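# Reading the structure
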Amino acid sequence: GVTQSPTHLIKTRGQQVTLRCSSQSGHNTVSWYQQALGQGPQFIFQYYREEENGRGNFPPRFSGLQFPNDSSELNVNALELDDSALYLCASRSGGGADTQYFGPGTRLTVL
Amino acid sequence: QKEVEQDPGPLSVPEGAIVSLNCTYSNSAFQYFMWYRQYSRKGPELLMYTYSSGNKEDGRFTAQVDKSSKYISLFIRDSQPSDSATYLCAMINAGNMLTFGGGTRLMVKP
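For every chain, the first residue of its written sequence is number 1, and the numbers climb from 1 along that sequence. For this description, chains carry letters from A and ligands carry numbers from 1, given in the order in which they are written. Only residues with pLDDT of at least 70 are given local features in this predicted model, and only at 80 or more are side-chain atom pairs given and counted; all residues enter the totals for whole chains, interfaces and linings. Side-chain metrics in this entry use all non-hydrogen atoms of the structure; hydrogen atoms and water are not considered.

### A look at the nonpolar core
The term nonpolar core refers to a set of buried residues drawn from Ala, Val, Leu, Ile, Met, Phe, Trp, Tyr and Cys, joined through side-chain atoms within 4.5 Å. Buried means the residue's accessible area, taken with a 1.4 Å probe over protein chains only, is under 20% of the maximum for its type, while exposed means over 50%, and partly exposed covers the values in between. With 24 residues, the main nonpolar core has W35(B), I72(B), L74(B), I76(B), Y87(B) and M91(B) as its most contacted residues. The helix and strand labels rest on DSSP assignments: H or I over at least four residues marks a helix, E over at least two residues marks a strand, and numbering proceeds from the N terminus. Only β3 (19–25), β4 (32–38), β5 (45–50), β7 (61–66), β8 (71–76), β9 (85–92) and β11 (104–109) of chain B provide two or more residues apiece to this core. Listed in part, the 20 residues of the second largest apolar core include V2(A), V30(A), I44(A) and V76(A).

### Details of unusual backbone geometry
Put simply, S5(A) and P6(A) share a cis peptide bond, and its omega is -10°. Mapped onto the elements, P6(A) comes out in the loop between β1 (3–5) and β2 (8–11). The amide bond that connects G9(B) to the next residue, P10(B), takes the cis arrangement and shows omega of 10°. When you line up the elements, P10(B) lands in the loop between β1 (4–6) and β2 (11–14). Located in the positive-phi region is R49(A), a residue other than glycine, with phi close to 50°. Mapping R49(A) onto the fold places it in the loop between β5 (42–48) and β6 (51–55). Here the phi dihedral of D70(A) falls at roughly 70°; this positive angle occurs in a residue that is not glycine. Inspection of the secondary structure puts D70(A) in the loop between β7 (62–66) and β8 (71–76).

### Some points on the interface of chain B and chain A
Facing the 18 residues of chain B at the interface are 21 residues of chain A. Values labelled buried area give the accessible surface lost by two parts on being combined, using a 1.4 Å probe and summing over both. For the pair chain B and chain A, the summed buried area comes to about 1,300 Å², and 56% of that belongs to carbon and sulfur atoms. Looking at the side of chain B facing chain A, the largest losses of area belong to N96(B), M97(B) and L98(B), adding up to 33% of the total buried there. Salt bridge, as applied in this entry: a Lys or Arg side-chain nitrogen positioned within 4 Å of an Asp or Glu carboxyl oxygen. Our enumeration of links across chain B and chain A arrives at zero salt bridges. Between two residues, a contact is recorded if the distance between any of their heavy atoms is within 4.5 Å.

So yeah, pure geometry; function would need other evidence.
What follows is the structure, given as structure tokens:
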């Protein structure tokens, strides 16, 4: 399945954070979502074969990387209090967005 | 105004009740419609997927889409305490990107 690390993370405003995702084997597309408390997930961006090929309404301080070994990262610079949320990654192999599998998420708290 | 609106609940029902969950949307470009279930501390899992107006049934779950009214529903028959979770509607546009509703928290009491 899809795994994410760490499970929980606490940072202070202005810091930088890296979240990690391990996709299901053979999945070439990974998407990242931000889910604020009590809200639905919001699409951040998507990577296909190590290239970003879609982005939601998030500033450039949200960036990502996808590696050939089924792993990926979400980096957030200059953390703000509103960045506190559950960050979900989802992976799929071709197909539509309905075929993706979600990881359990990383809970980020910014103080 | 959000593209996808969903009543946040919480919705509390007794075991065995029929549950109705709903979403409205404003973007006519949405072509595919899904319902996800999310348990606490877990990622969303896909329950139902439809692409046309009408009904689709899978066990105790029925998904209904009315494109003319921009309205989708999920019905759960014979609800169980294990159905207690947050239910998220989601939609895909031509760009193959998911847009989620805010989620409805459902509690099924024994």
